[in-house]
Amino acid sequence: MKQILFTILCFWSLGIQAQDSEVMTIPYLEVTAKIDGVLDDQVWENLSVISGFYNQFPNDEGLADNQTELKIFHNKKFLYIGVLYRDAEERNNIASLKRDIYDDIISISDCFGIVLDPYNEGNNGYLFGVNASGVQYDALMGNINQLNSSWSTVWYSEVSKNGKNKYYEIAIPLNAINFKAEKNIWGIQFFTNDTKQVQFSTLAQSPRNFAQYDLRFTKKFRLENLPEKVTQKFSLLPSVSINYAEDKIAETSNRQFIPSLDGQYAITPSLRLDATINPDFSQVEVDQQVTNLSRFAINFPERRKFFLENSDLFNNLGSYFGNPFNSRRIGSETDILFGGKVSGNIGTKTRIGLLNVQTKETEEIKGKNYSVLVGQQNLSNLFNATIFMINTQQGKLYNRIGGGGFNYKSKNNVWSGEVKASQAFTNETNKKNGNYFAEVFYQKRKWNASAFVNKIEKNYIAETGFIPFLYNYDASTGTTIRESYTRTGGDVQLKHFPENSKHIDWIRRFWLENRTTLDANNQLKDYFLFLSPFAIRFKNRSYVYAVVMNQYDNLQYNFDVLQNGNYIQPGEYNFTYGRTGYWSPNNRKFYFATKFEFGQFYNGFRINPFGRISYRMLPRAVFSIIYEMNDINLGELGRKSFHLAKFSSEVYLNNRMNWTTYLQYNTQQNNFNINSRFQWEYKPLSYIYFVFSNNFDNNLNPKDWGVSFKINRRFDF
């Protein structure tokens, strides 16, 4: 471990300064602009034009042929942006009319986007985007540009066009953003995506191998006369839900009338208080079902509103597979009674997060109290540090985790990394209870590489976390055994970018990736080797690839992957398999993806075809069909095919009203699910939902069904 940390620190020392020092000004004006997408208010005539957008994708050299011109000001209440994009065509390319889907609104629709880093330190910020049909996207941004698309706030935008000229007019409330008046130099990036011609451009020059929203590539803007206090301090979101559920197997039914209240108070422009009482999450979209052929659990993202504000503070306290806090665990046993949270900046370099949630008590399960305290400090432009404490209390039983870590990003934006450590404490034991993690990234145009090590000891019990590899399930006894392990890995990629090719974006020369797990005695438990000797990305955004994989598993416990009672016995297994696939251009009305995986699987053979077909009938609807099969033949242990089929339809009545239906057939879970959800945003972030759900087994025998109606209304004071 010490050698790894020393190596990472050596890499960190290689950073060199490469930032744009020019500071532009966003003026303060005591005027407003009517947000109608026309840009005919007098204020726009008197402002200077900001232009000179650079190519970012697929070519990141020189100025863009089709330029974007923007003007910007604030009036202490709103940040106003007026945009003119000089397109080469009159038509627009739109992928969806549904809010907050990154790929559909940002990646494969004509759009304009804004990245805000109010502290100009590259650690956290905001992403706002609007496509050419006026559909909005907003997200929180955490360290290393982790997006939380479930976060939403009220802001205003309209679009219009006049021939080939496309106009975007935007007003972002300053009370939606955490900032401090004395920290008036923000990092801001503007970008325009023209998906018809596949030409993406940015105001601050950004390499193509980084995301457009990367906080390391922003331009400095000085905001004149920022307010010391926000004008709107309160937002309240009362709601009422009426739910009915019927269990066909148990022959029981349940009716619920659930009033609830969510609220937010701006203590300062940079510090927020969130509260929830008796929340109901029936409006949250259904999770997408998957086939899981591993021996470990999988994780789903958090979408519940209360947990989203400043969520990057709470959700990045460990590694991806060793995270001590996962808010999806809260409320999984019994419903939430109430919760409170204070989060944001208490200084220009200091962020805090304090969360407390109490769940309800039932006849079978006692309620639990969940508390989290997180502090984050920017030590310099290169380093920030985090410390945290998590407590889960159920009567006299407790589970506590304390720890901290450091994050690093080099000045030349090539190196980044993090080191984290924490320990868990329970009533039973305080020994062998650690979680230690270190990771380093190297990112250049042609070369990308990373390496990590994660040691988790067997008594690192995180009741409010996600630690899947710690728990080993023995199918023959039905028991779960905790075992210490060390997981290491790394990858390296080399890409070639043809300079004069009209069709090829890049060619991957190779991509080598390894994941290795050692037990408590440093003996090999398993490894996974991934080699991609061939991949081509075309400039029309299609993609073809081939992969070879090798896997070793020193299996310690019986594994019933076929779910037929015939176990794969403990022993050493080494198997090799391959994969090839193709994606069609995803910025067109009709697109598809296909994959075929085949080869050895433990002591047998597996075939895994996959296909997806989607068709956009915009502006009215999008239809998709996905099918995946895993046919596993284990010889004398048996043969079984797992089928996963999904059909989805999204019907748009307008930008704020849609009807989404999922049909999901999953033979591994013995479930056929129908979920139909009508959603109307009748006021900004105020919704009416009607959800119908029905579940059957594989033979279409009914299991349960339910309906839910919910209405909420957002009030800002």
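Only a predicted model underlies this, so the values are computations on that prediction, with no experimental measurement involved.

S.K.: If you had to explain the sheet that holds strand β9 (residues 156-162) to someone new, which residues and values would you point to?
M.R.: The strand order across the open sheet built from four strands is β3-β4-β10-β9, with neighbouring strands paired in antiparallel fashion. At either end of the open sheet lies a strand with only one pairing partner, and these are β3 (68-74) and β9. This sheet shows a mean twist of 10° between the axes of neighbouring strands, independent of strand direction. Bridge count for β9 against strand β10 (residues 165-173) is seven bridges, and the pairing is antiparallel. Across the sheet, the residue bridging to Ser 157 is Ile 170, located in β10.

S.K.: I'd like a rundown of the side chain of Gln 189, residues and numbers included.
M.R.: Among the secondary structure elements, Gln 189 is positioned in strand β11 (residues 185-194). A polar atom in the side chain of Gln 189 sits 3.3 Å from the backbone nitrogen of Leu 203. Within the structure, Gln 189 has its side chain in polar contact with the backbone nitrogen of Ala 204 (distance 2.8 Å). In contact with Gln 189, not counting residues within four places along its chain, are Gly 113, Ile 114, Val 115, Thr 202, Leu 203, Ala 204, Ser 206, Gln 212, Phe 217 and Thr 218.

S.K.: How would you explain the nonpolar core if you had to name every residue and give the values?
M.R.: Within the largest apolar cluster, 50 residues are counted, with the highest numbers of intra-cluster contacts made by Ile 81, Ile 114, Leu 116, Ile 172 and Phe 190. The greatest single-element share of this core, amounting to five residues, is contributed by strand β5 (residues 111-117). Every residue in contact with Leu 116, bar those within four places of it in the chain, is listed here: Leu 79, Gly 125, Tyr 126, Phe 128, Ile 172, Ile 177, Trp 186, Gly 187 and Ile 188. By size, the runner-up hydrophobic cluster in this structure holds 25 residues, among which are Tyr 370, Val 374, Leu 470 and Tyr 485.

S.K.: So what's going on with the pairing of β11? Residues and values would help.
M.R.: Most of β11 is tucked away, with nine of its 10 residues classed as buried. Sheet analysis places β5 next to β11, joined by seven bridges and oriented antiparallel. The residue of β11 that forms the bridge with Leu 116 is Ile 188. As judged from the four bridges shared by β11 and strand β13 (residues 219-223), these two strands associate in the antiparallel manner. Residue pairing in the sheet places Trp 186 in a bridge with Phe 221 of β13.

S.K.: Tell me about the pairing of strand β39 (residues 702-712), and name the residues and values.
M.R.: Two elements, strand β14 (residues 234-247) and β39, share nine bridges in a ladder whose sense is antiparallel. Directly across from Glu 246, in β39, lies its bridge partner Trp 705. Relative to β39, strand β38 (residues 686-696) runs antiparallel, the two being bridged by nine bridges. The residue bridging Asn 694 from the neighbouring strand is Trp 705, located in β39. The turn linking β38 back onto β39 is made up of five residues, and Leu 700 within it adopts a positive phi angle of 65°.

S.K.: Tell me about the pattern of salt bridges, and name the residues and values.
M.R.: Under the criterion given, the structure shown has 27 salt bridges. With a shortest N-O distance of 2.7 Å, Lys 166 and Asp 87 are connected by a salt bridge. Residue Lys 166 is located in strand β10, and its partner Asp 87 is located in the loop between β4 (78-86) and α3 (102-107); the two are separated by 79 residues in the primary sequence. For Lys 166, a relative accessible area of 4% gives the class buried. Under the relative-accessibility criterion, Asp 87 is labelled buried at 8%. With its nearest N and O atoms 2.8 Å apart, the salt bridge here joins Arg 639 to Asp 631. Through salt bridges that share partners, Asp 87, Asp 110, Lys 166, Asp 194 and Lys 196 make up one connected network.

About the criteria used
Residues numbered from 1 in each chain as written. Predicted model: local features only at pLDDT ≥ 70, side-chain atom pairs only at ≥ 80, totals over all residues. Heavy atoms only, no water. Pairing = 2+ DSSP bridges. Helix = DSSP H or I, 4+ residues; strand = E, 2+ residues; numbered from the N terminus. Axes fitted to C-alpha atoms, helices over the stretch in contact; angles between N-to-C directions. Polar contact = N/O pair within 3.5 Å; in protein donor to acceptor, adjacent residues only side chain to side chain. Contact = heavy atoms within 4.5 Å. Core = buried A, V, L, I, M, F, W, Y, C linked by side-chain atoms within 4.5 Å. Buried < 20%, exposed > 50% of the residue type's maximum accessible area, 1.4 Å probe, protein only. Salt bridge = Lys/Arg side-chain N within 4 Å of Asp/Glu carboxyl O.

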